[in-house]
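Inside the fold
In case you want the letters, here they are:
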Amino acid sequence: MLPEECLYCYNLVPSEYGLRLRKGYREWAIGLNNPVNTIIGFEGQAQDESSSKLFAITLEGIWNVTTYGTTISGVPDVVFSDNGPTAGYGVFTEMTNDAGSRILAYADEANGLFYYYETGLTWLPIPTFTLPAGSTSPFGPPLAADIVYAVTWKNRLWFIERDTAYAWYLQPGAIQGEATPFNFGAKFVHGGEIKAIFNWTVDGGLGVDDILVVVSGGGDVLTYKGTDPNSIDTFELIGAYYVGSFPASRKVGLTYGGELYLISTFGVISVRQLMQGILYEDPSLGPSAKINRYLRDAVESGRESYDWSMTIYPSDGFLQIIAPYNLSNNENAIQYQQNLMTQAWGLWRGVPIRSAASWKGLYLIGTPDGRVVEYYGSLDNSSTFAGGPIGTSIDYSILTSYQAPAGNTTSYKKVNFIRPIQVTRFQINAVTRAIYDYEFDAMLPTPNGLPNSGGDDWDAATWDASIWSGQQGSESTVDGVLGQGRVIAVAMRGRSSDRLTFVSWDIDYQTGGFL
């Protein structure tokens with residue numbers, strides 16, 4: 001491994017100028033009673049944002065949680081008839097129909113298709129679909145209750161019907177009426193149902209175009225180009241690939257910046273690289289190469305979970321992989337985080353995430369305990385609700401790669417002192433140690449320094465708990481170190497209620513002999 005790489009990096013996110021502590025989170029809406037399996041941020045067309053809405057989806061139905069500080073009561077805006085274990089897991093798409101109305105189409109894994117209309121700001125019953133006139137298709141028109149996926153491609157709505165290998169598409173600009181089936185099953189070499197369909201905008205060398213990408217449950221990825229899927233002259237298959245098994249979730253893809261990322265047992269897959277001939281059987285390749293030793297095992301062991309998804313938060317410049325975890329302990333909540341500028345990865349730990357979405361410049365998180373929380377501030381689990389938690393400082397830890405100074409792997413070294421350097425408003429509250437000779441499970445104690453808890457935001461801080469501070473500046477401390485070994489790594493564990501940036505270490509060491 002390179003000197004600038006880490007074996008793990010918890011809650012310190014690689015950024016442009018060092019490792020930056022992630023933000024904390026505060027309560028946005030409470031009282032949902034069940035895990036929030038999906039978050040939808042609907043962006044309306046009204047300039048005053050009056051038609052923009054935030055929805056939280058649980059196994060009970062669809063809840064409006066647009067307003068910060070909401071305590072949920074009563075019944076959801078949409079009441080689900082099926083409250084089984086897959087209810088509330090869904091995908092959504094937006095489109096503007098021929099009449100100029102903005103519409104949100106949400107497809108639930110257990111309860112089917114629902115439409116939300118910006119005009120009227122309401123969820124309305126789904127119209128029925130019909131087969132095209134003169135159709136000889138053996139398939140009947142789809143029922144809304146059987147639709148588990150919705151996507152917009154070239155101004156057409158496409159749907160996936162549950163437990164089948166065919167999809168349905170509507171006429172351009174339509175949200176009802178004729179639905180035409182398209183059977184992808186014959187192209188699925190590795191079998192399985194249609195898992196997901198993506199609209200991928202890319203410049204393939206002949207100008208910008210929208211590629212239709214179809215993913216099967218068996219791990220096949222098909223790419224199509226064209227305009228009218230009803231004609232072989234205007235719709236053609238341009239690629240077929242295998243990328244390993246997908247998790248049960250249908251939220252296995254993310255488009256951004258000319259890329260389409262998929263998550264499978266091979267790790268994170270770039271469809272652009274697939275089309276360039278990259279072979280993802282090699283774990284050292286691909287966008288997630290640096291974390292594949294963790295991610296591949298996690299996907300394989302958690303394949304049956306619907307919790308897997310990928311999201312993006314442009315305001316903080318990250319891509320996040322949301323992974324399932326043992327709900328008995330938030331310390332098990334590990335999420336994978338990529339800085340979109342540096343392409344480096346870090347890990348979140350201790351944030352109770354079941355789902356998340358970017359909305360109006362915010363990052364909203366659905367939790368397993370029936371809350372919506374906002375990625376915000378520098379304290380975990382803070383709240384402005386009466387009787388709510390005041391928040392706690394954020395723990396962070398890091399273990400660097402093992403290195404032999406000057407390339408000398410035969411002689412013993414003894415580290416005398418380590419001086420970490422951070423940009424922060426507080427004194428450094430961290431324990432730093434040298435770790436020798438590939439001791440990967442080294443555990444550092446929790447630091448006993450300043451509590452740094454309670455925050456210092458005006459009207460939100462707690463008297464006698466908060467630490468009032470000024471602007472950020474460079475801080476350092478010197479730790480004496482024991483032990484010796486042939487190769488050296490540095491471990492640090494700290495706690496802070498300031499969004500610090502870790503910059504570097506100074507290390508003083510001695511070199512001994514072969515023995």
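Right above here is the structure, for reference.
The paragraphs below set out a description of the structure included in this document. (Residues numbered from 1 in each chain as written. Predicted model: local features only at pLDDT ≥ 70, side-chain atom pairs only at ≥ 80, totals over all residues. Heavy atoms only, no water.)

**A closer look at the overall build of the chain**
Threshold: A run of DSSP states H or I qualifies as a helix once it reaches four residues; a run of E qualifies as a strand once it reaches two. Both are numbered from the N-terminal end. Based on C-alpha atoms, the radius of gyration is set beside the globule rule, defined as 2.2 Å times the residue count to the power 0.38. For the exposure calls, accessible area comes from a 1.4 Å probe over protein chains only, and a residue counts as buried if that area is under 20% of its type's maximum, exposed if over 50%, partly exposed in between. Note on contacts: a residue pair qualifies if any of its non-hydrogen atoms lie within 4.5 Å across the two residues. Where accessible areas are quoted, they stem from the Shrake-Rupley method and a 1.4 Å probe; at the residue level, only the protein chains shown are allowed to cover. When charges are counted, neither His nor the chain ends are considered; positive counts come from Lys and Arg and negative counts from Asp and Glu. Charged groups are reduced to one reference atom each: NZ for lysine, CZ for arginine, CG for aspartic acid, CD for glutamic acid.
A count of helical and extended segments in the chain gives two helices and 41 strands. Computed over its C-alpha atoms, the radius of gyration of the chain comes to 25 Å, within 12% of the 24 Å expected for a compact globule of 515 residues. Overall, the chain is about 85 × 55 × 40 Å in size when its C-alpha atoms are taken along their principal axes. Across the 515 residues of the chain, 54% fall into the buried class. Contacts in the chain between residues at least 24 apart in sequence constitute 61% of all its contacts with a sequence separation of at least 6. About 22,000 Å² of surface is accessible on the chain, with carbon and sulfur atoms providing 51% of the total. If the 32 positive side-chain charges of the chain are averaged to one point and the 52 negative ones to another, these points end up 5 Å apart.

**Some points on the sheet that holds strand 7 (residues 61-64)**
Put simply, the test is: Each pair of strands is called paired provided DSSP finds at least two bridges between the two strands.
Pairing in this open sheet of four strands is antiparallel, and the strands run 5-6-7-9 from one edge to the other. Unpaired on one side and paired on the other, strand 5 (38-42) and strand 9 (78-79) mark the two borders of the sheet. Sheet topology places strand 6 (residues 53-57) next to strand 7; three bridges connect them, and they run antiparallel. Across the sheet, residue Phe-55 finds its bridge partner in strand 7, namely Asn-64.

**Observations concerning the sheet that holds strand 24 (residues 259-264)**
Backbone hydrogen bonds are what pair the strands of a sheet, in a parallel or an antiparallel way. Cut-off, in case you're wondering: Note on definitions: angles span 0 to 180 degrees between N-to-C directions of axes, and those axes are lines fitted to C-alpha atoms, for helices only across the stretch in contact.
Spatially, 23-24-25 is the arrangement adopted by the three strands of the open sheet, whose pairing is antiparallel. Each edge of the open sheet carries a strand with a single partner, namely strand 23 (253-256) and strand 25 (267-270). Going from strand to strand, the sheet's axes swing by 25° on average, the running direction of each strand aside. Note: strand 24 against strand 25, four bridges, orientation antiparallel. Its bridge partner lying in strand 25, Leu-262 is registered against Ile-269. The strands touched by helix 2 (residues 292-301) are strand 24 and strand 25; relative to strand 25, the strand with the most contacts, the crossing angle is about 100°.

**Some words on the side chain of Glu-5**
For clarity, the cut-off: The term polar contact refers here to a pair of N or O atoms within 3.5 Å; inside protein, the definition further demands a hydrogen-donor-capable atom paired with an acceptor-capable atom, and it admits residues adjacent in sequence only when both atoms are side-chain atoms.
When you line up the elements, Glu-5 lands in the segment before strand 1 (6-10). Engagement of the side chain of Glu-5 in a polar contact is seen with the side chain of Lys-290, the distance being 2.4 Å. Non-local contacts of Glu-5, meaning those with residues more than four positions away in its chain, are made with Lys-290, Thr-400 and Ser-401.

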